[in-house]
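Survey of secondary and tertiary structure
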Amino acid sequence: MALDRSVEGDHVSCCARCGHPVRRTSANILEWTISLSVTALVLLLVAMSNPFLEFSSAGRARGISLPLAAIEMFRQGFPALALLVFCFVMFVPLVYLLCLLVMALRTKFNLGTSPTIGLGKFVSKLLPWSMAEVFIIGVLVALIKIVALADIILGVSFWAYIMFTVCFLKLSSVIDNHTLWQWAGAIPQNKSSGL
Amino acid sequence: MFNKENFSAGSAAREGYIRCLTCDMLSLQSVESCPRCGDRLSLRIENSIQKTLALVFTAILLYIPANLLPIMSTNLIGTVTNSTILGGVVTFLDHGSFFIAFVIFMASVVIPLAKMGAILWLCYATTRPQRLTQHELGYLYRSVEFIGKWSMVDVFVVAILVALVQLTGLMTIQPGAAITAFSGVVIATMLAAHQFDIRLIWDHLESV
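Residues numbered from 1 in each chain as written. Chains lettered and ligands numbered in written order. Predicted model: local features only at pLDDT ≥ 70, side-chain atom pairs only at ≥ 80, totals over all residues.

Along chain B, the regular secondary structure elements total six helices and six strands. Reading the secondary structure of chain B in the N-to-C direction produces β-β-α-β-β-α-α-α-α-β-β-α. Relative to the globule expectation of 17 Å for 208 residues, the C-alpha radius of gyration of chain B, 22 Å, shows a markedly less compact shape. Viewed in the frame of its principal axes, chain B has a C-alpha envelope of about 70 × 40 × 25 Å. In chain B, which comprises 208 residues, the proportion classed as buried is 37%. A sequence separation of at least 24 residues applies to 62% of the contacts in chain B between residues at least 6 apart. (Helix = DSSP H or I, 4+ residues; strand = E, 2+ residues; numbered from the N terminus. Rg over C-alpha atoms; globule rule 2.2 N^0.38 Å. Buried ≥ 20, exposed ≤ 12 C-beta atoms within 10 Å, placed from the backbone. Contact = placed C-beta atoms within 7 Å.)

The following block contains the structure:
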């Protein structure tokens, strides 16, 4: 039993009983998804490979990159936490974006030979564990805690990560589960058959 | 185990359908696994309340060391200070940063407690006549689900401080054991919310 596909453009369909939005449709959703996920991916890679913050006091300085925030926890003897921070802040968003991009590109250009059910399942379980926006607030609170102690320089990565979060939030508000599964469940048409 | 008459009128279960929790597709109840994504179908998550309660109690137990143990220790030119979650809030209040104190207090104390209380209440409300309407309970559940990850703020604050403030001999910060317990609380409550089957709220529609 499939959904009514006659609803198009920017619409929200709500549950008749509890009023919760059930389905959200957006115009040009494929194009939105592809452009936003490419932008977010580039920004995330920039954020992961550039200096994040620098902290200096009394002539001594320490700069960190984003992955180092997780690695330092590992060095201090908290491997589980290091893994959590790395996953929630970098790895989960990265994998989510890559999977989404693959699914959207496949649907848009009619590539591949089989439906992407595995990816679809993975992606729908992954989203609640992406915590980019929570991390930003965490960083801001941490900065306020130490801003009086020393000089702080915000690196390229800091701004890139903020921009990445904005793109990511926009993306997760555009995508809805039904659209995702329409992509995942679609059987690519064989182009040589003339369809 | 499931009797059609137990479900409220108009629900998919009453009409002979079953919804896939992974891909939201409706199938006939005679089907064993979802035709689209292949996941096993079940009308309601099996033992949903028991699983949810087990996870909430885990979270409650972890919440005790999370508050009693130090969340981090600051070494400032040889002087070591251990600080707990509430200690951090008090420090901010002393410095006059009321807004930050409020953010930390909300994220680390109020939200986890409210979340655990709300999940317990939801479990209770599905088995007893309710004071809140189903609409309000549904809203409560969605709020719990939405707010779940925001308690991780404190863990990220510590992670950033530990990574950044490492000027040996001058100022260093080490993480404390409470941080592990606290992230355990956050993860356990998030899993508890995922295990709770929201449809149970509406299964007693007629009884109200």
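Resuming the write-up.
So, on to the pairing of strand E3 (residues 51-57) of chain A. Residues and elements named next belong to chain A. Here E3 runs beside strand E4 (residues 60-65); their pairing, made up of six bridges, is antiparallel. Of the residues in E4, the one forming a bridge with Phe 55 is Arg 62. Inspection of the sheet shows E3 paired to strand E5 (residues 151-154) by four bridges, in the antiparallel sense. For Leu 53, the partnering residue across the bridge sits in E5 and is Leu 154. (Pairing = 2+ DSSP bridges.)

To continue, consider the packing of helix H3 (residues 98-125) of chain B against helix H4 (residues 134-147) of chain B. All names here are of chain B. At a minimum axis distance of 10 Å, the contact between H3 and H4 shows a crossing angle of 145 degrees. Taken as a pair, H3 and H4 cross one another with a handedness that is left-handed. Contacts between H3 and H4 involve Ile 111, Lys 115, Ala 118, Ile 119, Leu 122 and Ala 125 on the former and, on the latter, Leu 137, Leu 140, Tyr 141, Val 144 and Ile 147. Tallied by class, residues from the contact of H3 with H4 come to 10 nonpolar, no polar and one charged. (Axes fitted to C-alpha atoms, helices over the stretch in contact; angles between N-to-C directions. Left-handed = near helix turned anticlockwise from the far one by under 90°. Nonpolar A, V, L, I, M, F, W, Y, C, P; charged D, E, K, R; others polar.)

With 41 residues of chain B at the interface, the matching set in chain A holds 43 residues. Elements represented by at least two residues in the side of chain B that touches chain A include exactly strand E2 (26-28), H3, H4, helix H5 (153-164), strand E5 (166-167), strand E6 (171-175) and helix H6 (178-195) of chain B. The biggest single contributor to the side of chain B that touches chain A is H5 of chain B, with nine residues. Of the residues in the side of chain B that touches chain A, the class split is 27 nonpolar, 10 polar and four charged.

Time to look at the sheet that holds E3 of chain A. To summarise the sheet geometry, strands pair through backbone hydrogen bonds and adopt either a parallel or an antiparallel arrangement. All names here are of chain A. Here we have three strands laid out as an open sheet, ordered E4-E3-E5, and antiparallel in their pairing. Because the sheet does not close on itself, it has two edges, and the strands there are E4 and E5. Each adjacent strand pair in this sheet contributes to an overall mean axis angle of 15 degrees, direction not counted. This element, helix H2 (residues 66-75), spans E3 and E4 of the sheet and lies at about 100 degrees to E4.

With that out of the way, let us pick up H2 of chain A. Residues and elements named next belong to chain A. Here H2 has its buried residues at Leu 66, Ala 69, Ala 70, Glu 72 and Met 73. One side of H2 carries all its buried residues, which in axial view fall inside an arc of 155 degrees. Two residues or fewer past H2, Gly 77 is found with a positive phi of approximately 90 degrees. (Arc of directions from axis to C-beta.)

Val 85 and Phe 164 of chain A together with Phe 156, Ala 159, Ile 160 and Leu 161 of chain B are the most contacted members of the largest nonpolar core, which has 101 residues in total. Residue contributions to this core peak at 13 residues, all from helix H3 (residues 79-109) of chain A. In contact with Ala 159 of chain B, not counting residues within four places along its chain, are Ala 69, Met 73 and Val 85 of chain A. (Core = buried A, V, L, I, M, F, W, Y, C linked by C-beta atoms within 7 Å.)

Residue and element names in this part refer to chain B. Read across the sheet, four strands follow the order E4-E3-E6-E5 without closing on themselves; strand pairing throughout is antiparallel. Two strands bound the open sheet, and with one partner strand each, they are strand E4 (79-83) and E5. With two bridges connecting them, E5 and E6 associate as antiparallel partners. The residue of E6 that forms the bridge with Gln 166 is Thr 172.

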